[in-house]
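Spelled out from the first residue to the last, the chains are:
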Amino acid sequence: SRFYFLGDDDLLEIIGNASEPGKVLPHLGKMFASIATLNSVPCEDEGVLAKFDAMLSKDGEKVTLHSPIVVTDKMNVKEWLKQLED
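Source: prediction; values computed, not measured. (Residues numbered from 1 in each chain as written. Predicted model: local features only at pLDDT ≥ 70, side-chain atom pairs only at ≥ 80, totals over all residues. Heavy atoms only, no water.)

### Comments concerning the sheet that holds strand E1 (residues 37-40)
- Strand order in the open sheet made by the three strands is E1-E2-E3, with antiparallel pairing throughout. The open sheet has two free edges, formed respectively by E1 and strand E3 (62-72), since each of these has just one partner strand. The mean inter-strand angle of the sheet, taken between neighbouring strand axes irrespective of direction, is 35°.
- As paired elements, strand E2 (residues 48-56) and E3 share seven bridges and run antiparallel to each other. Looking at E3, one finds that valine 48 is bridged to threonine 72.
- Lying on the sheet, helix H4 (residues 77-85) is in contact with E1, E2 and E3; it crosses E3 at an angle near 160°. (Pairing = 2+ DSSP bridges. Helix = DSSP H or I, 4+ residues; strand = E, 2+ residues; numbered from the N terminus. Axes fitted to C-alpha atoms, helices over the stretch in contact; angles between N-to-C directions. Contact = heavy atoms within 4.5 Å.)

Next comes the structure, spelled out in structure tokens:
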């Protein structure tokens, strides 16, 4: 759904780096208005690739998420982006 707003190069980079959420973050601004990136929280749990607890705007504003988004090695990009959208 949000992938509609991306060009071919961006889409290929996101899909190609699905197991590295940090490489997907630079593309959030093209999919979500006013979101520059996500705030990453350290997480040592097995199988967890990343844990995000807040959205950050280009102006430095921080909006805490109601519940953190935990990206696991079993999730695809679309799943955790859907959690962000909800």
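### Digging into the pattern of salt bridges
- One pass over the full model with this rule turns up four salt bridges.
- The partner of lysine 30 in a salt bridge is aspartate 10, with the nearest N and O atoms 2.9 Å apart. Of this pair, lysine 30 sits in helix H3 (residues 28-31) while aspartate 10 sits in helix H1 (residues 8-16), and the two are 20 residues apart along the sequence.
- Residue lysine 30 is classed as partly exposed on the basis of its relative accessible area of 44%.
- Under the relative-accessibility criterion, aspartate 10 is labelled buried at 16%.
- Put simply, glutamate 85 and lysine 82 hold a salt bridge, and the shortest N to O gap is 3.6 Å. Of this pair, glutamate 85 and lysine 82 both sit in helix H4, separated by three residues, roughly a single helical turn.
- Through salt bridges with shared partners, a single ionic network connects Lys82, Glu85 and Asp86. (Salt bridge = Lys/Arg side-chain N within 4 Å of Asp/Glu carboxyl O. Buried < 20%, exposed > 50% of the residue type's maximum accessible area, 1.4 Å probe, protein only.)

### A few points about the pairing of E2
- Where E1 and E2 come together, four bridges link them in antiparallel fashion. When the sheet's bridge partners are listed, serine 40 is paired in E2 with phenylalanine 52.
- Between the antiparallel neighbours E2 and E3 lie five residues, among them glycine 60 with a positive phi of about 90°.

### Topic: the layout of surface pockets
- Computed from the structure, the largest pocket encloses a volume of approximately 170 Å³.
- Every element with two or more residues in the lining of the largest pocket is listed here: E3 and H4.
- At six residues, the largest contribution of residues to the lining of the largest pocket is made by E3.
- Here the lining of the largest pocket is built from residues that sort into five nonpolar, four polar and one charged. (1 Å grid on protein atoms, 1.4 Å probe; cavity = no way out; pocket = protein on both sides within 12 Å on 5 of 7 lines; lining within 4 Å. Points joined across faces, edges and corners; volume = space filled by probe spheres on them. Nonpolar A, V, L, I, M, F, W, Y, C, P; charged D, E, K, R; others polar.)

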